[in-house]
Amino acid sequence: MRISTLVALLAAGVAGCTVGPDYVRPTVESPSTWRIDYPTAVEVANSKWWEQFGDPVLNELVGSALRENRDVRIAAARVDQFIGALTSTRSQLYPQLGYGAEASRTRASRVGQPPLPPGADPYFSLYQASLSASWQIDLFGRVRRLSEAAQAQVYASEQAQRGVVLSLVSSVATSYIALRALDRQLEIAQATARNFGETARLFELRFKGGIVAKTDVMQINSQYQQALAAIPAFEQAIAAQENLISILLGRNPGPIARGKTIDQLVAPLIPADLPSALLQRRPDILQAEQNLVAANANVGATRALYYPSVSITGLLGSVSTAFSSLFTGPAGAGLIAAGVSGPIFTFGGIEGQVSSAEAQNRQALLFYQQTILSAFRETNDALTGSQKKIEEVALQGKRVDALREFARLSKLRFDKGVAGYLDVLVAENELFAAELASVGLLAERYTQLVNVYQAMGGGWVDIATSIAPGAQEMKKLTQ
């Protein structure tokens with residue numbers, strides 16, 4: 001009892017002693033503004049931005065992906081894994097209780113040492129029952145540092161899950177936009193092919209009537225075949241895009257429902273905030289910081305190996321050769337012990353572990369800083385891209401209008417015999433390519449808007465994460 005009281009007092013006296021550096025968030029130099037200036041719109045950044053496209057089918061696809069996507073489920077299971085590791089690590093701060101029971105039947109040797117007296121029964125039974133307790137006192141904070149690292153790993157895994165959700169929602173939205181763009185391009189190719197086919201039929205009749213030359217017939221046939229050849233390529237791309245979306249939804253490859261056409265989609269508003277806001281909401285930045293917290297705590301855990309450890313062991317039980325007297329007073333047995341152990345010479349064993357932990361901490365710090373720089377770059381790129389794509393779409397629309405008028409006037413000149421069909425062929429081919437390009441640019445404009453939301457993060461990630469599996473797991477954490 002004196003030993004246990006002494007150790008308990010010693011533990012209380014040094015309970016606040018924790019080896020190793022406490023974590024301090026590194027100072028980050030962030031730009032004051034973005035290169036493209038937008039007004040602050042926090043309420044936009046914290047909403048379900050995909051609903052702003054105004055397509056119920058897209059909304060349902062995003063919800064289905066959040067519920068069924070395999071990557072999200074893997075990330076949720078990984079959070080559970082780290083929660084379990086945290087619980088296991090924290091348990092080392094408390095006494096470990098156990099029990100034991102044993103029954104045996106033994107035959108002693110008559111000629112052993114010492115020999116059995118004549119007439120003694122060589123057979124006897126032995127019954128034992130015990131309760132045990134052991135406690136390794138965390139005098140220098142090694143277990144506390146390990147718990148701190150495990151706690152940070154839980155938070156890092158949660159941010160990794162948020163990152164998966166962010167990437168998934170963005171991927172579903174951009175994939176759906178690309179699908180609707182391909183649908184529209186297929187419609188353009190089919191309409192163009194029908195138009196060229198009708199023109200080819202009329203030219204064939206004119207050739208038979210001696211009105212046009214054979215070269216004109218071959219030119220329009222070549223134009224017609226070019227438009228037809230584009231149709232299978234778009235059909236193949238559509239099937240591949242549907243398969244991609246199916247995998248994102250956690251389904252076998254198959255057809256995907258359609259909602260509004262790409263021309264009917266509504267461009268979401270641009271969210272904006274100060275660059276420093278990224279440090280509080282981008283999952284990859286938060287994950288990198290929690291990994292830095294864990295690495296910092298591991299430095300303290302390894303440094304604590306230099307110091308002695310104190311343990312207390314206790315046992316209370318009964319031992320008897322007769323089961324009927326196992327739990328009587330005379331059968332009682334007990335043990336209490338306290339021990340101290342520590343290193344003297346390890347020939348660099350502990351030093352190597354400390355050096356390794358410190359190197360990992362430096363790596364985590366540099367990775368955290370690099371992640372922040374990449375986040376600033378991605379956000380600036382997305383904001384700039386969204387602005388420039390608006391301008392590009394507008395200019396391409398004017399080019400399509402000009403080419404459509406050029407094609408109309410060229411055909412009118414041909415019908416009046418003022419010009420050859422080559423002018424019409426050039427105009428219509430350029431119009432076909434420009435219409436396809438215009439749809440592609442519109443899809444890129446919407447994709448850039450998605451990239452803005454993905455780059456800036458925001459409260460919408462938490463909204464989406466709440467729909468995904470394992471959303472309540474973080475409530476299991478103890479404070």
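Worth saying up front: this structure is predicted, and the values here are computed from it rather than measured.

> How should the overall build of the chain be read in this particular structure?
Summing up its helical and strand segments, the chain has 11 helices and 4 strands in all. In terms of overall dimensions, the chain has a C-alpha envelope of 135 × 60 × 45 Å along the principal axes. Per-residue burial for the chain yields a buried fraction of 40% across its 479 residues. As presented, the chain carries roughly 25,500 Å² of accessible surface, and 58% of it is formed by carbon and sulfur atoms. Each charge class in the chain can be summarised by its mean position, and for the 43 positive and 42 negative side chains these summaries are 4 Å apart.

> Just checking my understanding: could you explain the packing of aromatic side chains for this structure?
Pairs of aromatic rings are described using the distance from one ring centre to the other and the angle between the two planes. Inspection of every chain in the model, using the stated rule, returns 7 aromatic pairs. With a centroid separation of 5.6 Å and 85° between ring planes, the pair formed by W49 and W460 is classed as edge-to-face. One end of the pair, W49, is in the loop between α2 (42-45) and α3 (56-68); the other, W460, is in helix α11 (residues 460-467), and 411 residues separate them in sequence. Like W49, the residue W460 is buried in the burial classification. Here F53 and Y446 contribute two aromatic rings whose centre-to-centre distance is 5.7 Å and whose plane-to-plane angle is 90°, an arrangement assigned as edge-to-face. With a gap of 393 residues between them, F53 in the loop between α2 and α3 and Y446 in helix α10 (residues 421-456) connect regions that are remote in the sequence.

> I'm lost on the sheet that holds strand β1 (residues 96-107) in this one. Help?
Sheet strands pair via backbone hydrogen bonds, and the direction of the pair is either parallel or antiparallel. Taken together, 4 strands build an open sheet; the order of strands is β1-β2-β3-β4 and the sheet is antiparallel. Edge positions in the sheet fall to β1 and β4 (332-341), since each of these pairs with one other strand and no more. The mean inter-strand angle of the sheet, taken between neighbouring strand axes irrespective of direction, is 20°. Judged from the 11 bridges that link them, strand β2 (residues 123-137) and strand β3 (residues 309-320) form a sheet pairing that is antiparallel. Pairing of S130 across the sheet is with G317, part of β3.

> In this structure, what is going on with a nonpolar patch on the surface? I would like to understand it.
Together, I344, F345 and F347 line one region of the surface with nonpolar side chains, adding up to about 510 Å² of accessible area. With respect to the helices and strands, the residue I344 is situated in the loop between β4 and α9 (349-415).

> When you look at the packing of helix α5 (residues 142-208) against α10 in this model, what are you seeing that I'm missing?
Helices that pack against each other are described as a pair by the angle of their axes relative to one another and the distance between those axes. For the pair α5 and α10, the least separation of the axes is 9 Å and the interaxial angle reads 170°. Between α5 and α10, the interaxial angle falls into the category roughly antiparallel. The class makeup of the residues in the contact of α5 with α10 is 15 nonpolar, 11 polar and 3 charged.

> What's the story with α3 in this structure? I'm lost.
Since one α-helical turn is 3.6 residues long, residues separated by three or four positions face the same way. In this model, α3 (13 residues) spans 18 Å end to end at C-alpha, consistent with the 18 Å of a helix rising 1.5 Å per residue. Of all the residues in α3, the buried ones are V57, L58, L61, V62, G63, S64, A65 and L66. On the buried face of α3, the contacting elements are α4 (70-90), α5, α6 (214-248) and α11. The N-capping residue of α3, defined by a side-chain oxygen 3.0 Å from the backbone nitrogen of V57, is D55.

> Quick question: what am I supposed to make of α6 here?
Relative to the 51 Å expected for 35 residues at 1.5 Å per residue, α6 spans 52 Å between its end C-alpha atoms, a close match to the ideal helical length. Count one or two residues on from α6 and you reach G250, which has phi positive near 75°.

> What is the right way to look at the side chain of Q159 in this model?
Tracing the chain through its elements places Q159 in helix α5. On the basis of relative accessible area, Q159 is assigned to the buried category, the value being 10%. Setting aside anything within four residues of it in sequence, one finds Q159 in contact with P283, L286 and Q287.

> Would you take a moment to explain the confidence of the model for the chain for this structure?
In regions of low pLDDT, the predicted coordinates are not meant to be interpreted in detail. Mean pLDDT over the chain: 86, with 92% of residues reaching 70 or higher. Between residues 9-14, whose pLDDT stays under 50, and residues either more than four places distant or in other chains, the model counts 5 contacts.

> Explain the pattern of salt bridges here, please?
Close approach of charged atoms lets side chains of opposite charge pair. Applying the stated criterion to the full structure yields 23 salt bridges. R184 serves as the salt-bridge partner of D263, at 3.6 Å between the closest nitrogen and oxygen. Here D263 is found in the loop between α6 and α7 (278-281), whereas its partner R184 is found in helix α5, with 79 residues between them in sequence. Notably, a salt bridge pairs K389 with E444, separated by 2.5 Å at the nearest N-O pair. Pair noted here: K389 is in helix α9 and E444 is in helix α10, with a separation of 55 residues, a long-range link. Taken together, the shared-partner salt bridges in this structure form one network comprising R180, D183, E242 and R258.

> Honestly, unusual backbone geometry in this entry has me stumped. Any pointers?
Residues apart from glycine generally show negative phi values, whereas peptide bonds are mostly found in trans. For F347, which is not a glycine, the phi torsion comes out positive at approximately 55°. Following the sequence through the fold, F347 ends up in the loop between β4 and α9.

> How should I be thinking about the nonpolar core in this particular structure?
Side chains of a nonpolar character, in soluble globular proteins, are inclined to be buried together. Within the largest apolar cluster, 71 residues are counted, with the highest numbers of intra-cluster contacts made by W49, F53, V169, I262, Y446 and W460. Where this core is concerned, the elements lending two or more residues are α3, α5, α6, α7, α8 (283-303), α9, α10 and α11. In contact with V169, other than residues within four places in its own chain, are W49, W50, V62, L66, W460 and A464. Residues A200, F203, V217 and F414 belong to the second largest nonpolar core, which totals 9 residues.

Reading the values: the criteria
- Residues numbered from 1 in each chain as written.
- Predicted model: local features only at pLDDT ≥ 70, side-chain atom pairs only at ≥ 80, totals over all residues.
- Heavy atoms only, no water.
- Helix = DSSP H or I, 4+ residues; strand = E, 2+ residues; numbered from the N terminus.
- Buried < 20%, exposed > 50% of the residue type's maximum accessible area, 1.4 Å probe, protein only.
- Areas by Shrake-Rupley, 256 points an atom, 1.4 Å probe, with all protein chains shown as cover.
- Lys, Arg positive; Asp, Glu negative; His and termini not counted.
- Charge placed at Lys NZ, Arg CZ, Asp CG, Glu CD.
- Phe/Tyr/Trp six-rings, centres within 6.5 Å; stacked < 30°, edge-to-face > 60°.
- Pairing = 2+ DSSP bridges.
- Axes fitted to C-alpha atoms, helices over the stretch in contact; angles between N-to-C directions.
- Patch = residues over 30% accessible without salt bridge, like charges linked within 9 Å, V, L, I, M, F, W, Y side chains within 5 Å.
- Salt bridge = Lys/Arg side-chain N within 4 Å of Asp/Glu carboxyl O.
- Parallel < 35°, antiparallel > 145°, perpendicular 65-115°, else oblique.
- Nonpolar A, V, L, I, M, F, W, Y, C, P; charged D, E, K, R; others polar.
- Expected span 1.5 Å × (residues − 1).
- Contact = heavy atoms within 4.5 Å.
- Polar contact = N/O pair within 3.5 Å; in protein donor to acceptor, adjacent residues only side chain to side chain.
- pLDDT = per-residue confidence, 0-100.
- Core = buried A, V, L, I, M, F, W, Y, C linked by side-chain atoms within 4.5 Å.

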